[in-house]
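# Coordinates in review
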Amino acid sequence: MRVMEGKAAARAAHAGAIGRGLLTLALAAAAALLCQRLRVPLAWTLGPLLATALACSAGARLGVSPLLRHAGQWVIGTALGLHFTPAVLRTLPGLAPALLAGVLWALLLGWLFSRLLGRAGGAPDHATAFFAGAIGGASEMAVLAERHGGRVDRVAAAHSLRVLIVVVALPWGLQAAGFHPLQGRAGEMLLPPHLLALLCGLTLAGALLARRLGTPNPWVLGALVVSLLLTGSGVLPEAVLPHEMTNAGQLLIGVSLGTRFTPEFLRAAPRWLGTVALGTVGMIAASLGFSWLLARAADLAPAAVLLGNSPGGMAEMCITAQVLQLGVPLVTAFHVVRYVAVLVLMGPLYRWEARRRQALQAVPLSGP
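Attention here is on the structure that accompanies the text. (Residues numbered from 1 in each chain as written. Predicted model: local features only at pLDDT ≥ 70, side-chain atom pairs only at ≥ 80, totals over all residues. Heavy atoms only, no water.)

Attention now goes to the overall build of the protein. Across its full length, the protein holds 16 helices and zero strands. Restricting to contacts in the protein with at least 6 residues of sequence separation, those with at least 24 account for 79%. Roughly 17,700 Å² of accessible area belongs to the protein as shown, and the carbon and sulfur atoms make up 68% of that amount. Averaging the positions of the 27 positive and the 12 negative side-chain charges in the protein gives two centres separated by 5 Å. (Helix = DSSP H or I, 4+ residues; strand = E, 2+ residues; numbered from the N terminus. Contact = heavy atoms within 4.5 Å. Areas by Shrake-Rupley, 256 points an atom, 1.4 Å probe, with all protein chains shown as cover. Lys, Arg positive; Asp, Glu negative; His and termini not counted. Charge placed at Lys NZ, Arg CZ, Asp CG, Glu CD.)

Pasting the structure below:
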């Protein structure tokens, strides 16, 4: 009897999850279409993001299966790789100094942000402030924070709110500066059906392999690497994914970010979230200045350099670059290199700083 009741409860929960998922997708699609009609920048990401974030913050129980979130990341990774043509790949080695400068900037910005969170945000411990301030790798930073005794919920909240603010602010700012989404695809070629099927199969296999190998963010990076290799080697012609595919990928990315916000999220630590918001605005302003200087020094497009060095997430900033046609390979290169550097360096940097702090505390104060 209990087994039958358990199966019935499981079926009811599964049906409820499907219903929530369909409702979430319907709300997200309606918001995207409305934003597109209103000419909102990045309509298929911002519409779903804002609609689901507002609804969830008001208490609505929305959400989609993790499989759909992974599907959105896979589509975006695949689409980004198609921009790395042989001609683009030949230019990447010359960008090494600019990419290194971007990594150093991200590390400096993250350190300053963590100091602000530690002093003004009321961080409960050094690990929480340190990993919450890191620019990039939100999920991985939460894992590192837990490993070093930090508060996972505070770290996750800081990364979610930071990305939300940047994703909302930068597209509107760039549109105000005169950059607008392209209304058509003139001059761009769609992949023929057989090549599209080949691309989808191989990039999905690459994402699954990257996941099996334990690669961070495998659904973006695995698909991106395979798509890049196929395009850069000339196996695929210079082409783009169908518009409907990229719209769906953007929608799923927006939903995955928006559904993180709940009433408990907003009530949890108002001082902490207020400091994150204030610090994020300051980082955007600082990144404007840094990006302008780097663009002048390296003779690059300032808007693309800004997207590549903003404190936003990799997928979201690369989507913005693709929609606004602002140097997608450059923006992607900045974010991939920064992402890898942050994942590799943040753990050792935390341990080094922790040892330094202990050494300073151990030094006896000299008496009169």
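What follows is about the packing of helix α9 (residues 193-212) against helix α10 (residues 218-232). Working note: a packed helix pair is described by the angle between its axes plus the distance between those axes. α10 packs onto α9 with a crossing angle of 135 degrees between their chain directions and a minimal axis gap of 7 Å. What the angle tells us is that α9 and α10 run oblique. At the point where α9 passes α10, the crossing takes the right-handed sense. Seen from α9, the contacting residues are Leu199, Leu202, Thr203, Leu204, Gly206, Ala207, Leu208, Ala210 and Arg211; seen from α10, they are Pro218, Trp219, Gly222, Ala223, Val226, Ser227 and Leu230. (Axes fitted to C-alpha atoms, helices over the stretch in contact; angles between N-to-C directions. Parallel < 35°, antiparallel > 145°, perpendicular 65-115°, else oblique. Left-handed = near helix turned anticlockwise from the far one by under 90°.)

With phi around 55 degrees, leucine 42 is a residue other than glycine that occupies positive phi space. Its location among the elements puts leucine 42 in the loop between α1 (2-37) and α2 (43-57). Given the relative accessible area of 3%, leucine 42 is considered buried. The backbone of glutamine 325 shows a phi angle near 55 degrees, a positive value even though the residue is not glycine. You can call glutamine 325 partly exposed: its relative accessible area is 37%. (Buried < 20%, exposed > 50% of the residue type's maximum accessible area, 1.4 Å probe, protein only.)

Moving on: helix α14 (residues 302-309). Three- or four-residue spacings in an α-helix give side chains the same orientation, since the helix completes a turn every 3.6 residues. In terms of residue burial, α14 counts as a mostly covered element, since seven of its eight residues are buried. Every buried residue belonging to α14 is among Ala303, Ala304, Val305, Leu306, Leu307, Gly308 and Asn309, and all of these are buried.

A few words now on the nonpolar core. Nonpolar side chains in soluble globular proteins generally cluster together in the buried interior. One finds Phe131, Met141, Trp272, Leu307 and Met346 to be the most contacted residues of the largest nonpolar core, which totals 90 residues. The element contributing the most residues to this core is helix α16 (residues 328-362), with 11 residues. Setting aside its immediate chain neighbours within four residues, methionine 346 contacts Leu107, Phe130, Phe131, Ala134, Met141 and Leu144. By size, the runner-up hydrophobic cluster in this structure holds 17 residues, among which are Trp74, Leu191, Cys200 and Ala239. (Core = buried A, V, L, I, M, F, W, Y, C linked by side-chain atoms within 4.5 Å.)

Time to look at the side chain of serine 256. One can find serine 256 in helix α11 (residues 243-258). Note on serine 256: relative accessible area 13%, which makes it buried.

It is a probe the size of a water molecule, rolled over the atoms, that shows where empty space is left. Summed over the entire model, instances satisfying the criterion amount to one cavity of 30 Å³ or more. Considering only enclosed or pocket space, the largest cavity measures out at about 30 Å³ in volume. As for the largest cavity, its lining consists of Ile76, Ala79, Leu80, Gln250, Cys318, Ile319 and Gln322. Where the lining of the largest cavity is concerned, the elements lending two or more residues are α3 (66-81) and α15 (314-324). (1 Å grid on protein atoms, 1.4 Å probe; cavity = no way out; pocket = protein on both sides within 12 Å on 5 of 7 lines; lining within 4 Å. Points joined across faces, edges and corners; volume = space filled by probe spheres on them.)

Each aromatic ring pair is described using two quantities: the centre-to-centre distance and the angle formed by the ring planes. For the structure shown, the criterion picks out four aromatic pairs. Note on tryptophan 105 and phenylalanine 290: the rings are 4.4 Å apart at their centroids and 5 degrees apart in plane angle, and the pair reads as stacked. Here phenylalanine 290 lies in helix α13 (residues 270-298) and tryptophan 105 lies in helix α5 (residues 96-119), a separation of 185 residues in the sequence. Pairwise contacts between aromatic rings join Phe130, Phe131 and Tyr350 into one cluster. The residue whose ring lies beneath arginine 154 is tryptophan 272, and the NZ or CZ to ring-centre distance is 5.6 Å. (Phe/Tyr/Trp six-rings, centres within 6.5 Å; stacked < 30°, edge-to-face > 60°. Lys NZ or Arg CZ within 6 Å of the ring centre and 35° of its normal.)

Quick look at the environment of methionine 283 now. Checked against the element boundaries, methionine 283 lands in helix α13. Taking the relative accessible area as the measure of exposure, methionine 283 reaches 4% and is therefore buried. Through-space distance from the C-alpha of methionine 283 to that of leucine 50 is 22 Å; in sequence the pair is 233 residues apart.

Where helix α8 (residues 152-176) contacts α15, the axes come no closer than 10 Å and their chain directions differ by 15 degrees. When the axes of α8 and α15 are compared, the pair comes out roughly parallel. You can see that α8 and α15 cross each other, and the crossing is right-handed. Along its contact with α8, which presents Val163, Val166, Val167, Leu170, Pro171 and Leu174, the element α15 presents Glu316, Met317, Thr320 and Leu324. Residue classes in the contact of α8 with α15 are distributed as eight nonpolar, one polar and one charged. (Nonpolar A, V, L, I, M, F, W, Y, C, P; charged D, E, K, R; others polar.)

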